[in-house]
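# Remarks on the overall topology
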Amino acid sequence: MKIGLFFGSFNPIHVGHLIIANTMATSTDLEQVWFVVSPQNPFKKNNSLLHEFDRFDLVQRAISDNTVFRASDVEFHMPKPSFTIDTLIRIQEKFPQHEFRLIMGEDNLAQFPNWKNHDRILEYTGLYVYPRPNSKSHSFANHPAVKFVEAPLLDISATYIRSCLQKGKSIRYLVPEPVEQLIKIKKFYL
């Protein structure tokens, strides 16, 4: 099976993530998309990060009705911060019967050369890239291991959603209903 790996903090997961994942699963040769919940991104500050188990629970609730989506906690059992290449190797070792592709937003391509062993990532899995607002030009436009996928141009951010929650504003339609319910019940991000 060919599987797309969609890494992220998912702090919280929102409809933008789900629309991109669904586009990858229905418009490419990917048969499944796995949401790899990252405990800590080496490039992001940790101050507003909900606990990884809570974020994993939110992802599971968001995708529970879609059989081609799966949540992965593989990075919870790895040294922190996790580096993508190490996670890819771990996943391939656990699931040698599958072929994997890394799903990435076009805005991350500018920083991609700074990633640990980025050349090995290209060689190991390649990239499926979706468009992002205000993306800068990059040197990977014609790389044979990089596939650009036409997808809706979405500008929904978890930062905006957290800000709405802190201001007492509605997040309806920004996150799936089961995610919104759990955030309210547990008073996340307040």
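Residues numbered from 1 in each chain as written. Predicted model: local features only at pLDDT ≥ 70, side-chain atom pairs only at ≥ 80, totals over all residues. Heavy atoms only, no water.

The cut-off we apply is this: UniProt positions are given in the numbering used here, feature names are shortened, and annotations may be inferred rather than shown by experiment.
For the chain, an unreviewed UniProt entry supplies the name Probable nicotinate-nucleotide adenylyltransferase and the organism Dyadobacter chenwenxiniae. What the UniProt record of the chain gives under Function (unreviewed entry) is the line "Catalyzes the reversible adenylation of nicotinate mononucleotide (NaMN) to nicotinic acid adenine dinucleotide (NaAD)." One UniProt comment on the chain, placed under Pathway (unreviewed entry), says "Cofactor biosynthesis; NAD(+) biosynthesis; deamido-NAD(+) from nicotinate D-ribonucleotide: step 1/1."

## Side note on the nonpolar core
Inside soluble globular proteins, nonpolar side chains tend to come together where they are buried. For clarity, the cut-off: The definition of a nonpolar core used throughout is a set of buried Ala, Val, Leu, Ile, Met, Phe, Trp, Tyr and Cys residues joined through side-chain atoms within 4.5 Å. With a 1.4 Å probe rolled over the protein chains alone, any residue whose accessible area is under 20% of its type maximum counts as buried; one over 50% counts as exposed, and the rest are partly exposed. In this text, helices come from DSSP runs of H or I with a minimum length of four residues, and strands from runs of E with a minimum of two, each type numbered from the N-terminal end. Note on contacts: a residue pair qualifies if any of its non-hydrogen atoms lie within 4.5 Å across the two residues.
One finds Phe6, Ile13, Val33, Phe35 and Leu58 to be the most contacted residues of the largest nonpolar core, which totals 38 residues. Breaking this core down by element, the ones donating at least two residues are α1 (15-27), β2 (32-37), α2 (52-63), β3 (69-72), β5 (127-130), α5 (158-166) and α6 (177-186). Residues contacting Phe6, with those up to four places away along its chain left out, are His17, Ile20, Ala21, Val33, Trp34, Phe35, Val36, Ile103 and Tyr130. Counting residues in hydrophobic clusters, the runner-up holds 23 residues, among them Trp34, Leu109, Ile121 and Leu127.

## Regarding the pattern of salt bridges
The condition that has to hold: Any Lys or Arg side-chain nitrogen found within 4 Å of a carboxyl oxygen on Asp or Glu counts as a salt bridge.
Scanning the model with the defined rule gives eight salt bridges in all. Taking the shortest distance from any N to any O, the salt bridge between Asp86 and Lys116 comes out at 3.1 Å. Residue Asp86 is found in helix α3 (residues 84-94), and its partner Lys116 is found in the loop between β4 (99-105) and α4 (118-124); the two are separated by 30 residues along the sequence. Overall, the relative accessible area of 28% leaves Asp86 in the partly exposed class.

## Digging into the sheet that holds β5
Applied cut-off: Strand pairing requires that DSSP identify at least two bridges connecting the strands. With axes taken as lines fitted to C-alpha atoms, and helix axes fitted only over the stretch in contact, angles between N-to-C directions fall between 0 and 180 degrees.
Spatially, six strands are ordered β3-β2-β1-β4-β5-β6 in an open sheet, and the strand pairing comes out parallel. The open sheet terminates on both sides in strands that have one partner only, identified here as β3 and β6 (146-148). Direction aside, the axes of adjacent strands within the sheet are offset by 30° on average. Here β4 pairs with β5 via four bridges, running parallel. When the sheet's bridge partners are listed, Leu102 is paired in β5 with Leu127. Packed on one face of the sheet, α1 meets β1 (2-8), β2, β3, β4 and β5 and runs near 145° to β2.

## Overview of the environment of Val33
Checked against the element boundaries, Val33 lands in strand β2. Judged by relative accessible area, Val33 falls into the buried class, the value being 0%. With near-sequence residues (within four places) excluded, Val33 lies in contact with Gly4, Phe6, Ala21, Met24, Ala25, Val68, Phe69, Arg70 and Ile103.

## A closer look at α2
Selection rule: Expected helix span is computed as 1.5 Å times (number of residues minus one).
Between its first and last C-alpha, α2 extends 17 Å over twelve residues, near the 16 Å set by a 1.5 Å rise per residue. Residues of α2 that are buried make contact with α1, β2, β3 and α6.

## Side note on the environment of Thr125
The residue Thr125 is located in the loop between α4 and β5 in this model. Placed 34 residues apart in sequence, Thr125 and Thr159 show a C-alpha to C-alpha distance of 29 Å. With sequence-adjacent residues up to four places away left out, Thr125 is seen in contact with Leu88, Phe100, Arg101 and Leu102.

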